[in-house]
Amino acid sequence: MIRAETIVRSGEYKQSSEHTLFVEGIETSLDTKVIEKLLHERIRVKPFGPSSHIAAAARALVKEHPNYYFLIDRDHYDDNYIQKRWDRFPDPDEANLLVWFRRELENYFIIPEYLLKSQYLVKSEDELRALILKLSKERLFLDAVNLVIIQIREELKEKWIQIFENVTEFTSRRNAINKLLNMPEFMEHKHRLSRLIGSKRLENHFTAILESLTGGKESLEYGRGHWLEMLKGKRILPTVINECFSVRDAKGNYLQGSDRVNEVVKDLVRKPLEEQPDDFQRLYNVINARIAE
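Each residue is numbered by its place in its chain's sequence as written, counting from 1. Per-residue local features of the predicted model are confined to residues with pLDDT of at least 70, and side-chain atom pairs are confined, for both listing and counting, to 80 or more; whole-chain, interface and lining totals are unaffected and use all residues. In computing side-chain properties, one takes all heavy atoms of the structure into account and sets aside hydrogens as well as water.

## Re the sheet that holds strand β1 (residues 20–23)
So, point 1. Any two strands with at least two DSSP bridges between them are considered paired. What counts as a helix is a DSSP run of H or I of at least four residues, what counts as a strand is a run of E of at least two, and both are numbered from the N terminus. The parallel open sheet is built from four strands, whose spatial order is β2-β1-β3-β4. Looking along the sheet, the strands with just one partner apiece sit at the ends: β2 (44–47) and β4 (97–99). Within this sheet the neighbouring strands show an average axis-to-axis angle of 25°, counted without direction.
So, point 2. Between two residues, a contact is recorded if the distance between any of their heavy atoms is within 4.5 Å. Axis lines are fitted through C-alpha atoms, for helices just across the contact stretch, and the angle between N-to-C directions can take any value from 0 to 180 degrees. Along the sheet, helix α3 (residues 79–88) contacts β3 (68–72) and β4; its crossing angle with β4, the most-contacted strand, is approximately 130°.

This is how it looks when you write it as structure tokens:
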């Protein structure tokens, strides 16, 4: 694995040495490898753990390090928020943060048309599409429920109560307890929480997400709904690669598991830019434009 600190060659792309793109995961994660290959080593790419850590670091570092950029999975963000991040990049007011339009990086590698470009594919297009569809159908209801949970969890993180500031209002133990117990925000939040997780509200939320995934159909179909974008690609991709692709190393041995996944993915990212998914092309172009400034 090429370390992020060494990917910019001596004397090459002089300006790029000032720029760093932080991504999710660890040093050996798929995100790091893919982005390094996609950007042709024009910028340092460094892993920074989970998305919550990246978002916090982005806010803390943007003023001091304007050439630090941050790329995270979609998680709970909606299309409008994500589109604005790309349209306005780099945007110090939003901590130079970019968000994938698809749920995870792996979701780009379960696009059948993209996978068909691989030299390692050993199954027919129909077999490939059928397997992706089968695995996605198996996850449909699980992922729909989890998407409801993710959105509600984010809503509950809102800053719904303010702390006290005036020390003169707290003159005794009893006075302090009374202040705490009589805060109206607790009762208001209790009612709001009750509405948020009420049975009818949860059912309606689940139904809306399910219809978005399926496009209003009873089952999944290619070209309908957002299931390819929003189901958990990280769980689908390994099975697709290990059942539909065959890769040998330099000694002729067949690669297995994550090694096979990594090689297929890296091979795809090496394809010409115009053959990459739209969001990959978009990332290359915004980073390239920034470096060239």
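## Topic: the pattern of salt bridges
So, point 1. Here, a salt bridge means any Lys or Arg side-chain nitrogen found within 4 Å of an Asp or Glu carboxyl oxygen. What the rule picks out here adds up to twelve salt bridges.
So, point 2. Glu155 is the partner of Arg201 in a salt bridge, and the nearest nitrogen-oxygen pair spans 3.4 Å. One end of the pair, Arg201, is in helix α8 (residues 199–214); the other, Glu155, is in helix α5 (residues 125–156), with 46 residues separating them in the sequence.
So, point 3. Assessed through its relative accessible area of 29%, Arg201 is described here as partly exposed. Partly exposed describes any residue whose relative accessible area lies between the buried limit of under 20% and the exposed limit of over 50%, with all areas from a 1.4 Å probe on protein chains only and scaled to the type maximum.

## Some thoughts on the pairing of β3
Within a regular beta strand, the side chains point alternately toward one face of the sheet and then the other, so they alternate between its two faces.
So, point 1. Counted residue by residue, β3 has five buried out of five residues, so it is predominantly covered.
So, point 2. Covered by surrounding structure in β3 are Tyr68, Phe70 and Ile72 together with Tyr69 and Leu71, the residues of both alternating faces.
So, point 3. Inspection of the sheet shows β3 paired to β4 by three bridges, in the parallel sense. Paired with Phe70 across the two strands is Leu97, which belongs to β4.

## Notes on the packing of α5 against α8
So, point 1. Two elements in contact, α5 and α8, have axes whose closest approach is 9 Å; the angle formed by their N-to-C orientations is 125°. When the axis of α5 is compared with that of α8, the two are oblique. Considering only the axes of α5 and α8, their crossing is right-handed. Residue-level contacts link Leu140, Phe141, Ala144, Val145, Leu147, Val148, Gln151, Ile152 and Glu155 of α5 to Arg201, Leu202, His205, Phe206, Ile209, Leu210, Leu213 and Thr214 of α8. Relative orientations are named as follows: roughly parallel for angles under 35 degrees, roughly antiparallel for angles over 145 degrees, roughly perpendicular for angles from 65 to 115 degrees, and oblique for any other angle. By definition, any crossing whose near helix is turned counterclockwise from its far helix by less than a right angle is left-handed, and any crossing with a clockwise turn is right-handed.

## Overview of the confidence of the model for the protein
Any segment with low pLDDT has predicted coordinates that should not be analysed in fine detail.
So, point 1. Taken residue by residue, the protein gives an average pLDDT of 88. The fraction at 70 or more is 94%.
So, point 2. Confidence scores labelled pLDDT are given residue by residue by the predictor and lie between 0 and 100. Segment residues 1–16: pLDDT under 50, and 34 contacts once partners within four positions in sequence are set aside and those in other chains are kept.

## Describing the side chain of Arg103
So, point 1. By secondary structure assignment, the location of Arg103 is in the loop between β4 and α4 (112–115).
So, point 2. Buried charge Arg103 goes without a salt bridge, the closest partner of opposite sign being Asp143 at 4.1 Å.
So, point 3. We call two N or O atoms a polar contact when they sit within 3.5 Å, provided that within protein one can donate a hydrogen and the other can accept it, with sequence-adjacent residues counted only if both atoms are side-chain atoms. A distance of 3.2 Å separates the side chain of Arg103 from the backbone oxygen of Met230, its partner in a polar contact.
So, point 4. Sequence-distant contacts of Arg103, defined by excluding residues within four places in its chain, comprise Asp73, Arg74, Asp75, Asp143, Leu147, Ile150, Glu229, Met230, Leu231 and Lys232. Here Asp and Glu are counted as negative and Lys and Arg as positive; His is not counted, and neither are the chain ends.

## A few points about a nonpolar patch on the surface
So, point 1. Candidates for patches are residues over 30% relative accessible area with no salt bridge; among them, like charges are joined within 9 Å and nonpolar side chains (Val, Leu, Ile, Met, Phe, Trp, Tyr) within 5 Å. Computed with the Shrake-Rupley method and a 1.4 Å probe, the accessible areas treat only the protein chains shown as cover for residues. Judged by side-chain polarity, Trp160, Leu180, Leu181 and Phe186 come together as a nonpolar surface patch covering roughly 400 Å² of accessible area.
So, point 2. Mapped onto the elements of the fold, Phe186 is located in helix α7 (residues 184–196).
So, point 3. On the basis of relative accessibility, which here comes to 37%, the residue Phe186 falls in the partly exposed class.

## Focus on unusual backbone geometry
So, point 1. Look at the link from Phe89 to Pro90: it is a cis peptide, with omega at -5°.
So, point 2. With respect to the helices, strands and loops of the structure, Pro90 is situated in the loop between α3 and β4.
So, point 3. Positive phi values are uncommon outside glycine, yet Ala95 reaches one of about 60°.
So, point 4. Checked against the element boundaries, Ala95 lands in the loop between α3 and β4.
So, point 5. Non-glycine residue Asn96 carries a positive phi angle of around 50°.
So, point 6. Here Asn96 shows up in the loop between α3 and β4.

## Re the packing of aromatic side chains
By convention here, two paired aromatic rings are described through the distance between centres and the angle between planes.
So, point 1. Here the aromatic set is Phe, Tyr and Trp, taking the six-membered ring for Trp, and pairing holds for ring centres within 6.5 Å; pairs whose planes are under 30 degrees apart are stacked, those over 60 apart are edge-to-face, and all others are tilted. Overall, the coordinates contain 15 aromatic pairs when judged by the stated rule.
So, point 2. Measuring from ring centre to ring centre gives 5.1 Å for Phe22 and Tyr68, while their planes differ by 75°; the resulting arrangement is edge-to-face. Of this pair, Phe22 sits in strand β1 while Tyr68 sits in strand β3; the two residues are 46 residues apart in sequence, bridging distant segments of the chain. Each member of the pair, Phe22 as well as Tyr68, is classed as buried.
So, point 3. Between Tyr108 and Phe280, the aromatic rings sit 5.0 Å apart at their centres with planes inclined by 40°, giving tilted as the arrangement. With Tyr108 in the loop between β4 and α4 and Phe280 in helix α12 (residues 278–292), this residue pair connects regions lying 172 residues apart in the sequence. Here the two residues Tyr108 and Phe280 agree in accessibility, since each one is buried.
So, point 4. Linked through ring pairs, Trp86, Trp100, Phe101, Tyr108, Phe109, Tyr114 and Phe280 together constitute an aromatic cluster.
So, point 5. Working rule: Lys NZ or Arg CZ, within 6 Å of ring centre, within 35 degrees of ring normal, means a charge sits over the ring. Across from the ring centre of Tyr222, 5.0 Å away, lies the NZ or CZ of Arg129, which sits over that ring.

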